[in-house]
Amino acid sequence: MAEPDLSTPADPSLRSPRSSSHSLSFPFLREGSRIWEKTGELPSPLPTKRTRTYSATVRANSGPVFKGVCKNFSRSQGHGYISPAKGGEDIFVHISDIEGEYVPVEGDEVTYKVCPIPPKNQKFQAVEVIITHLNPGTKHETWSGQIISS
C-alpha cells in the first residue's frame, strides 16, 4: 500500500499560503516587473516639488534666500549643483525646483532657499531656484527647447 503524501494537506484550507502556487507580489520596483518596464528607472529618493511634504515646503518657503552660482546642471539627468556665494559645500538642485523659463548652465547666478534632504536631514537641497543673471557668452536653452545666446 502506498504511503499518503503528508507534505501538503489534502484540504486546501489547511495549506500554508507560502506553499500555494501563487507568488507574493510587492509594490516595489524590481527589474523585470511590469512597473519597472513602464518607468525604466527607479524613483528618486529625494523629495521633489511633487513629493515634498507640506510641512517641509512651508519650512523651505519661510527660510532665508541665499545667492550662489550654478556649478553644473544636467537636463537629461534632471539635477545639478549650486556653489553658495558664501562658500561651503555645494547644494543639490532638482529639476522640479527651478523656477523660470531657462535651463541653468555653469556660471549662472541664482537665488535659492534650502530644504533638508531626508531621512537624516544632514544635507540640503536648493528649492525655489531663480536664475538672476545669465552667464554672458553662453548659449541658454528654454525648457521648450529654444536656444538663446546671452
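Numbering of residues starts from 1 in every chain and runs along the sequence as written. Only residues with pLDDT of at least 70 get local features here, since the model is predicted, and only at 80 or more are side-chain atom pairs given and counted; chain-wide, interface and lining totals rely on the full set of residues. The side-chain values count all of the structure's non-hydrogen atoms but skip hydrogen atoms and water molecules.

The protein has the name CSD domain-containing protein in an unreviewed UniProt entry, where Pygocentrus nattereri is given as its organism.

Time to look at the overall build of the protein. By definition, any uninterrupted DSSP run of H or I lasting at least four residues is a helix, any uninterrupted run of E lasting at least two residues is a strand, and each is numbered from the N terminus. A count of helices and strands for the protein gives two helices and eight strands. In sequence order, the secondary structure elements of the protein are arranged as α-α-β-β-β-β-β-β-β-β. For every residue, the accessible area obtained with a 1.4 Å probe (protein chains only) is divided by the maximum for its type, and the residue is called buried under 20%, exposed over 50%, and partly exposed between those limits. Going through the 150 residues of the protein one by one, you find that 23% of them count as buried. Total accessible area computed for the protein in this model is approximately 11100 Å², and 56% of it derives from carbon and sulfur atoms. Using a 1.4 Å probe, the Shrake-Rupley method yields the accessible areas, and only the shown protein chains count as cover for residues.

In this analysis, the protein atoms alone were mapped onto a 1 Å grid. Cavities are point sets where a 1.4 Å probe fits without being able to get out; pockets are open sets with protein on both sides within 12 Å along at least five of seven lines; lining residues have an atom within 4 Å of a point. Grid points are joined across faces, edges and corners, and a volume is the space filled by probe spheres set on the points. Empty space within the second largest pocket amounts to approximately 190 Å³. Lining the second largest pocket are Y81, E89, D90, I91, F92, I117, Q122, K123 and F124.

To continue, consider the pairing of strand β1 (residues 66–74). Pairing geometry for β1 and strand β5 (residues 109–116), over four bridges, is antiparallel. Bridging across to β5, K67 finds its partner in T111. A pair of strands is treated as paired once DSSP finds two or more bridges between them. Here β1 pairs with strand β2 (residues 79–84) via six bridges, running antiparallel. Looking at the pairing, S74 lines up with H79 of β2. Here β1 hands over to β2 after four residues, with G78 in that stretch at a positive phi of 85 degrees.

This next bit is on the pairing of strand β3 (residues 91–94). Along a regular strand, successive side chains alternate from one face of the sheet to the other. Burial of the side chains of β3 extends over both faces: I91 and V93 are buried on one face and F92 and H94 on the other. Across four bridges, the pairing between β2 and β3 is antiparallel. Following the sheet pairing, G80 is matched in β3 by V93. Hairpin connection of β2 to β3: six residues between the antiparallel strands, including G87 at a positive phi of 85 degrees. Sheet topology places β3 next to strand β6 (residues 124–133); two bridges connect them, and they run parallel. In the strand pairing of β6, V93 is matched with A126.

Moving on: the nonpolar core. We define the nonpolar core as a collection of buried residues of types Ala, Val, Leu, Ile, Met, Phe, Trp, Tyr and Cys that are connected through side-chain atoms lying within 4.5 Å of one another. In this structure, C70, F73, I82, I91, V93, I98, V103, V110, Y112, A126, V129 and I131 together form the largest nonpolar core, which totals twelve residues. Listing elements by their share of this core, those giving two or more residues are β1, β3, β5 and β6. Here this core gets three residues from one element, more than from any other, and that element is β6.

Bringing the packing of aromatic side chains into the picture now. We call Phe, Tyr and Trp rings a pair once their centres come within 6.5 Å, taking the six-membered ring for Trp, and we label the pair stacked below 30 degrees between planes, edge-to-face above 60, and tilted otherwise. Applying the stated criterion across every chain, the model contains three aromatic pairs. Ring plane angle 85 degrees and centroid distance 6.5 Å describe the contact between F73 and W143, whose orientation is recorded as edge-to-face. Placement of the pair is F73 in strand β1 and W143 in the loop between β7 (139–141) and β8 (147–149), with a sequence separation of 70 residues. Ring plane angle 75 degrees and centroid distance 5.8 Å describe the contact between Y81 and F92, whose orientation is recorded as edge-to-face. Taken as a pair, Y81 in strand β2 and F92 in strand β3 lie far apart in primary sequence, eleven residues in all. Among the residues examined, Y81 registers a relative accessible area of 34% and is labelled partly exposed. Owing to a relative accessible area of 10%, F92 belongs among the buried residues under this scheme.

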